[in-house]
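Chain residues, written in single-letter form:
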Amino acid sequence: MKALSKLEWLKFVDRLVNDSGMDIIGVKAKGESFVFDRLKSADELRLDHDVTILPPKKVFLPVTEDLISYDLKGQVRGERTVDDKKRVLIGVHPYDVIAIEQMDEVYLGNNIDEHYASRRLNTLIIASDIINVSERSFAASLGTHVTDSGYDLLVTDIGDTVVVDVGSKEGRALLKKYGKARDASKKEVDTVKCWRSDLPTWFARRAKLPPSEWKRVLDENHDHPVWDENSKKCLTCGTCTTVCPTCYCYDVDDRTDLNLKEGKRQRTWDGCLLRDFTLVGSGEIFRDGVKERYRHRFYRKGAYFPDRKGFVACVGCGRCAYQCLPDIADPSEVINSIASYNLHKKEEHPVPPVEHPEIREDLLIPEPATIIRKQKMTDLETLYVVRLDSGKELGHAPGQFVQVSLYGIGEAPISISSAPLGKEFELLVRRVGDVTGAMEKLKEGDKIGVRGPYGRGFDPKEMQGKDMLFISGGCGLAPMRSLIDYTIGHRKDFKDVWILYGCKEPAAILFSKDLKQWADVENVKVLTTVDKCPDGQCWDGNIGVITTLIPKVAFDPKTTIAVIVGPPIMYKFVIRDLKSRGMPDENIIVSLERRMKCGVGKCGHCQMNGIYCCIEGPVFKYSEVKNIPEAF
Amino acid sequence: MKPRVAIFDFASCEGCELQIVNLEEKLLDLIDIVDVVSFREAMKEHSNDYDIALIEGSIMRPMDEERIKKIRERAKVLIAIGACACLGGVNKLRNEWPVEEVKKEVYGDAPLEGNKFFDVFPTKAVDEVVKVDFYIPGCPIDRNEFAKVITAVALGRKPRLPTYPVCVECKKRENICVFELGQFCLGPITRAGCNAICPSFQDGCEGCRGFLDDAKMDAQKDVLRKYGVTVDQMMKKFNFYNYRKGVL
């Protein structure tokens, strides 16, 4: 270890501020509290802070940041914004260092987020040992009060001297270039060791269970009364998620300048406690209840994250507990109150083992594409034939989706409704929101942006040699069509095919030409139904909901694969009827709709319990999701 | 063709219109994308041919009611701007007393009989009289939000107001919670979009942007009680901009 006298330490910080050309961000006082902010001189820096209002995460994932600058004049263009400013972050407590390492798992792990990576890789971290313990912190219970990794330098203010532990080559070089450090004496090293080992006794708050036990007690207490009791007091103000060092969810919005000529696609922090977090274009809110939202936060941190990454996504900083006005956000208190209470009703929500394919370099930047043809299908729906301007094939699997992007308006997830054939692909778009509404005004030849394809599609190979029973409702036929066309294109690989399709009314029927063509293929039967036939429309077929068609099909439940895509309400009833005919769970395939904002498993909006609909789905085997309470 | 915009004021302080004038250099961008055909506070010209009507102020009199209905007929899009138009605002405080009593209190024995300017009824928000398409709340409105809504309308995008409370923006600005400073705040139940301007200057939120549709009133009252706020103080605070919307 190295050491600097207090005076030399201050000189070191001042040299960094004045001579390094880097942004030096350190802990400063704000009233009685502390914040990370740009330092103008060393005497602003505090190493005696208990905790900062916001975590240092804001340096790597700013509260609001520009992702893309776009230009709406003439040819619409967008360009990724780059922030590669060199920075040094001083005064990061061990729990925040560990939180940053957790953020790295999300943003630098599978599918690197370029914006985060650029800031992260250009920042050096000078961590500091905790000198004053925050009144609500329970870091010692999680072992996050100290750390031996994740920093370039780790300093301990022991009075007249600052002891420095070098954590990286870059840290060593920084200290050498700007500081006059000597070797620490044995006494100084012992003082630091002693302080660290005594530190846990200074914590007033404790979690009764080690983090390795959190998942177990949460799995066993899904129906514990604490969720009801606490959520009644919840303001749903989102403070707990906003101040959390491990929360990483975000929203994206296009901010066009008042001149309508240019703008920025911006990312801003979002949180699962806020009502519209799970809102989709059609108006459905998938996690509407306060209790469900309140509970989700704890499960996300204590059960879903350990499931996915092997660690609890809480570092015990106590920010949420301290900032929550009704004082219901403290994870240690919640864990303690369920720890001694065991309903013995285990409810696990395992993540399906899905390989997440590596996605091309610019994660959030749409590729330019052109609308080749446009065909109005119903009052609400239009079919677009699209081609990437790069001339490359989209390379999708049936059932996958893309993010369609219109600068100035936003992005919307749209399922691909054509089988993977050539460079053109088809998107069926229902006019429900901003992007879909704006798309309708576009003409053939106009440009759109496309990201993807994303998600797990259907696996036709798994279905080979089986009878196929397709059941869809409304625009659920769109993603299903990609698989039906594949099945018909590989007719020999499959046995009998039944296509059951239901709509609200005859005028809402999609792909009527396709339905006729499919019906002409050998051993393919098409059955359609409408909920009702209003005056002025023609219909001589079945009237009734989709389940009224199921008894008309003589399928063998053991040799048939049923594929279901439709509005959320449909699944429960169709699955019930299939099960009553003896169909095993593994033979039922569903594709689910959620708010897929990023498409790459980061923004958090599409989560159903611990599952990301955008990367583990949207296609699931029923057996994978039947016990997921938020799936149906 | 650029959309034609007209700005009208009813019972208000005209502070929201001043915010539009205060757009400064951005005002030039505004008149680049729309034709402002009527704006009493900023120009002499006036036309009754417009697509978008921006309404400041609340509706107090039969003559106001008649006028706003005419505006509604002429406008394709009607946008209420500011607390007075969106909520009734502070003008609604007078609804606490009978109209005659209020007149007496303010004008004493002055002869007002038959004078249509003083013929008032209990204050109404604009949407209590005509259909409002979009709202730009606040007292006064936030210039950035104004620009955002106008931009959205011009791009054919539905302008959306935040559906989360002021606390989100307040925490993002890393403010010390005003409850910690010994004040009390309606931030947890009030619609965000102001970038938490009052708490950022150590002042509790007054709720000028209106309460959220799903505001957690009971939880908020529990918090206020916990911090020693009396029922009387609560009532006054709730009623200030949101008359009788925070019923205890």
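That block above? That's the structure.
Since the model is a prediction, treat every value here as computed from it, not as a measurement.

Reading the values: rules and limits
- Residues numbered from 1 in each chain as written.
- Chains lettered and ligands numbered in written order.
- Predicted model: local features only at pLDDT ≥ 70, side-chain atom pairs only at ≥ 80, totals over all residues.
- Heavy atoms only, no water.
- Helix = DSSP H or I, 4+ residues; strand = E, 2+ residues; numbered from the N terminus.
- Rg over C-alpha atoms; globule rule 2.2 N^0.38 Å.
- Buried < 20%, exposed > 50% of the residue type's maximum accessible area, 1.4 Å probe, protein only.
- Contact = heavy atoms within 4.5 Å.
- Areas by Shrake-Rupley, 256 points an atom, 1.4 Å probe, with all protein chains shown as cover.
- Lys, Arg positive; Asp, Glu negative; His and termini not counted.
- Charge placed at Lys NZ, Arg CZ, Asp CG, Glu CD.
- Disulfide = S-S within 2.5 Å.
- Pairing = 2+ DSSP bridges.
- Salt bridge = Lys/Arg side-chain N within 4 Å of Asp/Glu carboxyl O.
- Arc of directions from axis to C-beta.

**Here we look at the overall build of chain B**
Counting its secondary structure elements, chain B contains 10 helices and 5 strands. For chain B, the C-alpha radius of gyration of 19 Å lies close to 18 Å, the compact-globule estimate for 248 residues. With the C-alpha coordinates aligned to their principal axes, the bounding extent of chain B is approximately 55 × 50 × 30 Å. When each of the 248 residues of chain B is scored for burial, the buried share is 54%. Of all intrachain contacts in chain B linking residues separated by at least 6 positions in sequence, the fraction that spans at least 24 positions is 74%. Carbon together with sulfur atoms contributes 53% to the accessible area of chain B, which is approximately 11900 Å² in total. Separation of charge centres in chain B, based on 37 positive and 39 negative side chains, amounts to 4 Å.

**Some remarks on the state of the cysteines**
All names here are of chain B. Across all of its chains, the model carries 0 disulfides over all chains by this definition. Free of any disulfide, C205 has its nearest neighbouring cysteine sulfur in C185, separated by 5.2 Å. Judged by its relative accessible area of 7%, C205 falls in the buried class.

**Quick look at the pairing of strand β2 (residues 35-39) of chain B**
All names here are of chain B. Within β2, 4 of the 5 residues are buried, which leaves it mostly tucked inside the rest of the structure. In this structure, strand β1 (residues 4-9) lies alongside β2, joined through 4 bridges in parallel fashion. In the strand pairing of β2, V5 is matched with V36.

**So, the pattern of salt bridges**
Tallying each qualifying case throughout the model produces 81 salt bridges over all chains. In this structure, the salt-bridge partner of D129 of chain A is R196 of chain A, at a minimum N-O distance of 2.7 Å. Taken as a pair, D129 of chain A in the loop between β7 (123-128) and α5 (139-142) and R196 of chain A in helix α7 (residues 186-198) lie far apart in primary sequence, 67 residues in all. Owing to a relative accessible area of 2%, D129 of chain A belongs among the buried residues under this scheme. The partner of D133 of chain B in a salt bridge is R72 of chain B, and the shortest N-O contact between them spans 3.1 Å. On the criterion of sequence distance, the pair formed by D133 of chain B in the loop between α5 (99-107) and β5 (134-136) and R72 of chain B in helix α3 (residues 62-74) is long-range, its members being 61 residues apart.

**A word on α5 of chain B**
Residue and element names in this part refer to chain B. Within α5, burial applies to V99, V102 and K103. Take α5 and look down its axis: the buried residues cluster within an arc of 100°, on one side only. Within α5, the exposed residues directed more than 90 degrees away from the buried face are E100, K104 and E105. Phi turns positive, to about 60°, at G108, one or two residues after α5.

**Section: the pairing of strand β11 (residues 250-256) of chain A**
On β11 of chain A, burial follows the alternation: Y250, V252, D254 and T256 of chain A on one face are buried, whereas D251, D253 and R255 of chain A on the facing-out side are not. Between β11 of chain A and the antiparallel strand that follows it, strand β12 (residues 262-269) of chain A, lie 5 residues; L260 of chain A among them carries a positive phi value of about 60°.

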